[in-house]
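# Reading the structure
Below, each chain spelled out in residue letters.
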Amino acid sequence: MTEVALSSVEAAFERGDHDEVLRLTQAILGERPGEDAAHEFRARSLLAMGRAEEAERHADDAVRLDPEEIRYRELLAQVLAARGSHRDAADEYERLARNDPRQPAWVVAEAAERLDAAQAMEAVEAARRAVRLDPRNAAAQLALAQGLARTGDARGALQAAGKAVELLPGDPAAREALADARWLAGQDGAAFSDFRALAAELTGSARARVVGKARSLYRRRVGFIGRLVAGLPWLFDVALRNGWVQVA
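Quick look at the structure, then. Predicted model, so just to flag it, every value in this text is computed and none were measured. (Residues numbered from 1 in each chain as written. Predicted model: local features only at pLDDT ≥ 70, side-chain atom pairs only at ≥ 80, totals over all residues. Heavy atoms only, no water.)

## So, the overall build of the protein
For the protein, the count of helices and strands is 15 helices and 0 strands. Counting only C-alpha atoms and orienting by the principal axes, one finds that the protein spans roughly 75 × 40 × 25 Å. Here the protein holds 248 residues, and 46% of them are scored as buried. Considering only residue pairs separated by 6 or more positions, the protein has 46% of its internal contacts joining residues 24 or more positions apart. For the protein, the accessible surface area stands at approximately 12800 Å², while carbon and sulfur atoms represent 49% of it. (Helix = DSSP H or I, 4+ residues; strand = E, 2+ residues; numbered from the N terminus. Buried < 20%, exposed > 50% of the residue type's maximum accessible area, 1.4 Å probe, protein only. Contact = heavy atoms within 4.5 Å. Areas by Shrake-Rupley, 256 points an atom, 1.4 Å probe, with all protein chains shown as cover.)

Take a look at the structure:
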């Protein structure tokens, strides 16, 4: 009976019917609380529904019931990241990578979570491991550039960001990393141009972030009138849109 139910759970999950997944897994776990696959599907559906705290509980149960199942540990790391527990997520990815050092995806994921946890040095170490595994791994080069920029290594950040842009032509995150590296290296004019170009393409919080960087850079390089413009975010935004502000 449970085996049939699990097939139904998988089918419901594949078609995105997460309410049905929750209904079926509740019935299964009522009969067999130790059914690790039911905990896994329940966690995945809860995560897809934005209920990360509940998802963590079931991901933890799946790992507890079968600690050797890599799939469950990867799920737990994803849930922890979704909850904002970036340091714990990074530790999970590090554990996965230790068990299979040839798998760069987990090392890159660790580096990204270390960055989100404000562990820049650890992020750089993880990204370097990923780059050693595959120098043409664009995500690894991007994570390395971001980490090196946060540690103040302008030269290293420029090199890694340049490779990321080469491997991901046109990618906004790679271009922003290059702009950050140029700013750190004192290439203010180039960095400002990069931020302005990105602001013309991005929307929402991503655009707000690069506009904020452009405004900070501009304010440090201009005189009294320019600082007045930079001091009014709406006015600076209008000026940036129309190309009225620039940094030499």
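## Focus: the pattern of salt bridges
Here the structure, examined in full by the defined rule, presents 25 salt bridges. Of the charged contacts, one joins D91 and R114 as a salt bridge, the two residues approaching to 3.1 Å between their closest N and O atoms. You can see D91 sitting in helix α6 (residues 86-99) and its partner R114 sitting in helix α7 (residues 104-116), a full 23 residues away along the chain. R114 is the salt-bridge partner of E110, the closest N and O atoms lying 3.2 Å from each other. With a gap of 4 residues between them, E110 and R114 both fall in helix α7, about one helical turn apart. In this pair, the class of E110 matches that of R114, namely buried. The structure contains a network of salt bridges with shared partners spanning D91, E94, R98, E110, R114 and R129. (Salt bridge = Lys/Arg side-chain N within 4 Å of Asp/Glu carboxyl O.)

## Observations regarding the packing of aromatic side chains
Tallying each qualifying case throughout the model produces 4 aromatic pairs. Residues F192 and Y218 carry aromatic rings whose centres are separated by 6.1 Å and whose planes lie at 35° to one another, so their mutual orientation is tilted. With a gap of 26 residues between them, F192 in helix α12 (residues 188-201) and Y218 in helix α13 (residues 204-221) connect regions that are remote in the sequence. Comparing F192 with Y218 shows no difference in burial state: the two are buried. Relative to F236, the ring of Y218 has its centre 5.6 Å away and its plane inclined at 45°; by these criteria the two rings are tilted. Of this pair, Y218 sits in helix α13 while F236 sits in helix α15 (residues 233-241), and the two are 18 residues apart along the sequence. Taken individually, Y218 and F236 each receive the classification buried, so the pair is uniform in this respect. Taken together through their ring pairs, the aromatic side chains of F192, Y218 and F236 make up a single cluster. (Phe/Tyr/Trp six-rings, centres within 6.5 Å; stacked < 30°, edge-to-face > 60°.)

## A look at α12
In this model, α12 (14 residues) spans 20 Å end to end at C-alpha, consistent with the 20 Å of a helix rising 1.5 Å per residue. Considered for burial, the residues of α12 that qualify are D188, G189, A191, F192, D194, F195, L198 and A199. Tucked inside the fold, the buried residues of α12 contact α11 (172-184), α13 and α15. (Expected span 1.5 Å × (residues − 1).)

## Some remarks on the side chain of Q119
Take Q119: it is sitting in the loop between α7 and α8 (120-133). On the basis of relative accessibility, which here comes to 10%, the residue Q119 falls in the buried class. Beyond its immediate chain neighbours, meaning those up to four positions away, Q119 contacts R87 and R114.

## Some details on a nonpolar patch on the surface
Residues L232, W234, V238 and W244 make up a contiguous nonpolar surface patch of about 470 Å² in total accessible area. In this fold, W244 is placed in the segment after α15. We classify W244 as exposed; its relative accessible area is 60%. (Patch = residues over 30% accessible without salt bridge, like charges linked within 9 Å, V, L, I, M, F, W, Y side chains within 5 Å.)

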